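Residues per chain, in single letters:
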Amino acid sequence: MTLSTRSNLRLLVSLFLQVAGGFVQATRGEIPSVVGKMPEDSLPTLKSILEIAAKQSPTVLSRSIQLEQAEANVYASTSQLLPNVGGSFSFASTTVYPSAGDSNRSSGPYYNLGVSQPIYQWNALKNQAEISKIGVKISQKNYADGYRGLLGTLRSQFLGLIYQKLQVRTQRFNFELTKKYLALDEERLKAGSLSPVELIIPRMNGVEAQLAMARSDEAYDHSKRSFVRLAGIDSLPEDSIPLEVPTWTGSNELVLALAALLQRDGVDVTLQGQVNTLNLKQDDLSYKIAKVRLYPKLSASAGVSQSNSQIVTQTYASQSASRSYNYGIAASWTIFDGFAARGAKLTALASKRSHELDRAQLTAALTEDVRNLGRVIDFSAQYLKLAEERHSGAAQAVDRVKDELSRGTVSPSAVDTAIAQLYSQDGAVAAARLDLLSHWSDLVSLLNVDPMLEKLPPAYVH
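Reading the values: rules and limits
- Residues numbered from 1 in each chain as written.
- Predicted model: local features only at pLDDT ≥ 70, side-chain atom pairs only at ≥ 80, totals over all residues.
- Heavy atoms only, no water.
- Phe/Tyr/Trp six-rings, centres within 6.5 Å; stacked < 30°, edge-to-face > 60°.
- Helix = DSSP H or I, 4+ residues; strand = E, 2+ residues; numbered from the N terminus.
- Buried < 20%, exposed > 50% of the residue type's maximum accessible area, 1.4 Å probe, protein only.
- Lys NZ or Arg CZ within 6 Å of the ring centre and 35° of its normal.
- Core = buried A, V, L, I, M, F, W, Y, C linked by side-chain atoms within 4.5 Å.
- Contact = heavy atoms within 4.5 Å.
- Pairing = 2+ DSSP bridges.
- Salt bridge = Lys/Arg side-chain N within 4 Å of Asp/Glu carboxyl O.
- Polar contact = N/O pair within 3.5 Å; in protein donor to acceptor, adjacent residues only side chain to side chain.
- Expected span 1.5 Å × (residues − 1).
- Arc of directions from axis to C-beta.
- pLDDT = per-residue confidence, 0-100.
- Patch = residues over 30% accessible without salt bridge, like charges linked within 9 Å, V, L, I, M, F, W, Y side chains within 5 Å.
- Areas by Shrake-Rupley, 256 points an atom, 1.4 Å probe, with all protein chains shown as cover.

Looking now at the packing of aromatic side chains. Summed over all chains, the structure comprises seven aromatic pairs. Aromatic side chains Trp122 and Tyr295 sit 5.0 Å apart centroid to centroid with 80° between the ring planes, which places their arrangement in the edge-to-face category. In this pair, Trp122 is assigned in the loop between β2 (104–120) and α4 (124–191) and Tyr295 in the loop between α7 (271–291) and β3 (297–312), connecting sequence segments 173 residues apart. What makes Trp122 partly exposed here is its relative accessible area of 31%. Members of the aromatic cluster, connected to one another through ring pairs, are Tyr120, Trp122 and Tyr295. Positioned above the aromatic ring of Tyr423, the side-chain terminus of Arg169 is 3.8 Å from the ring centre.

So this is what it looks like as structure tokens:
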């Protein structure tokens, strides 16, 4: 190859790579990116847990086993297309005694080796192997779908832990306030400025506050244990759970762009739609197999064997090893199978109609779900705005009351009350953010654009 030829070849390869790269970028650009807009992007601990769960979660491990079983089925189906080789070997000694005459003894190795190969089965065996390969693809989609569902659950539970931690803080603050004022009332009782009857309600309030705090602590601890078990991690340190739910960084325009994916690509944009398409392909192949069930089928075989041949009379016995070779083509034809072939065809057609009905229902359900999630996200964003405005007012109230306390115009209890109201608004903001992020994550997950899914092999997701 000349220098000029090599130079031209390198130029062509470079141009091809540029065009291919541009095509890939254009294709990816058609899908709105949600990278940096998921809860874990603001919560490093959650992101690392989601990555670990992809390998260690019981849910993922269970789907992995199912995938391995589907891959094993491919071997069983494909084996029918390949030659079947078998044989036997033995070493034996045989002595023959005629009625009148000398005995004859023979010994040696004996063997039988044969090979058979289907020649023409009307593509039935090939289609059966293809069904098993599609089964692997379905298992891959189910694996991705299991991880997709796990991602949504883990996100929701971790955000819920943040909210519960805020609630525990509020309950503990309220309990400390109750103890503080109960202690003051007990001092007033001792001083005689308060009667025992007047202390009944404060004491009951103290017991109730303590019970509420203990209940919140137990609920919080239980949620943490459940989260650890589901994620497949060893533990979840308390300092890894923040006291603030992250803000949503998406937009209504992005929500509309995601919703447009379903209108553009149909249900195949989702994992459920992809599985449905694969099921329909399996139904078509099953019908083709059933259709040729009563057709004649051809196979070929060949073999070689060595055995002991005997000639025995009353006075004479002779033994010798004989070797034989055989080969041939055989045809088998099931003419009538009791209408089993007809039943197989009807079963395949019924399965296809069922999956077509599933597809229609899936289309309707996804359309409604995407529309509903878009509306709910908009409502949640508006509720969050109101909650943040109330929180801002509560924070300003705390600053104002503290200033008034420094001037001696209010009592310390007014500050405690203002802080308690601020903590309540913290919880309200956290709940509103959690609600918005949960619905946003549901939309991203439903439309199969979850960035965490990209860590799986592309064939599993797209």
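More follows now that the structure is in view.
What follows deals with the nonpolar core. Tyr147, Leu258 and Trp440 are the most contacted members of the largest nonpolar core, which has 66 residues in total. The set of elements that each furnish at least two residues to this core consists of α2 (44–56), α3 (58–78), α4, α5 (200–231), α6 (252–265), α8 (340–406), α9 (412–446) and α10 (458–461). Top element by residues in this core is α4. It accounts for 13 residues. Apart from residues no more than four positions distant in its own chain, Leu258 is found in contact with Pro32, Val34, Trp440, Leu443, Val444, Leu447 and Val449. Within the second largest apolar cluster, ten residues are counted, among which are Leu177, Val398, Ile419 and Leu422.

Looking now at the pairing of β3. Taken together, the nine bridges between β2 and β3 define a ladder with antiparallel strand orientation. Note on β3: the bridge partner recorded for Val115 is Ala302. Pairing of β3 with strand β4 (residues 317–332) involves 16 bridges; the strand directions are antiparallel. Its bridge partner lying in β4, Gln306 is registered against Arg323.

All right, on to the pattern of salt bridges then. According to the stated counting rule, one finds 21 salt bridges in the structure shown. Where Arg203 meets Glu186, a salt bridge forms, and the shortest distance between an N and an O atom there is 3.0 Å. Residue Arg203 is found in helix α5, and its partner Glu186 is found in helix α4; the two are separated by 17 residues along the sequence. Glu186 gets classed as partly exposed once you look at its relative accessible area, which sits at 23%. Note that Asp337 is salt-bridged to Arg293, the shortest N-O span being 3.6 Å. Taken together, the residues span a long stretch of sequence, with Asp337 in the loop between β4 and α8 and Arg293 in the loop between α7 and β3 at a distance of 44 residues. Given the relative accessible area of 22%, Asp337 is considered partly exposed. Taken together, the shared-partner salt bridges in this structure form one network comprising Glu40, Arg155 and Asp450.

This part takes up the side chain of Asp450. Mapped onto the secondary structure, Asp450 falls in the loop between α9 and α10. Exposure remark for Asp450: the relative accessible area of 0% places this residue in the buried category. Of the polar contacts made by the side chain of Asp450, one reaches the side chain of Arg155; its length is 2.8 Å. If near-sequence neighbours (up to four positions away) are discounted, Asp450 is found in contact with Leu151, Arg155 and Val444.

This part covers α3. Counted at 1.5 Å a residue, the expected span for α3 with its 21 residues is 30 Å, and the 31 Å between its end C-alpha atoms agrees. Along α3, the residues classified as buried are Val60, Leu67, Ala70, Val74 and Ser77. Down the axis of α3, the smallest arc covering the buried residues is 90°, so these residues share one side. Next to the buried residues of α3 lie α2, α4 and α10.

A few words now on the confidence of the model for the chain. For the chain, the average pLDDT comes to 90, and 94% of its residues sit at 70 or higher. Ranking the elements of the chain by mean pLDDT puts helix α1 (residues 3–29) last, at 40, and α7 first, at 97. Every residue in residues 1–29 is under pLDDT 50, and counting partners more than four places away or in other chains gives two contacts.

Attention now moves to a nonpolar patch on the surface. Together, Ile119, Tyr120, Trp122, Tyr295, Leu298 and Ile329 make up a nonpolar patch on the protein surface, roughly 570 Å² of accessible area in all. Position of Ile329 relative to the elements: it lies in strand β4.

It is worth spelling out the environment of Gly273 at this point. One can find Gly273 in helix α7. Along the sequence, Gly273 and Leu366 sit 93 residues apart, while their C-alpha atoms lie 9.7 Å from each other. In this structure, Gly273 is in contact with Val267, Asp268, Arg359 and Leu362, ignoring residues within four places of it in sequence.

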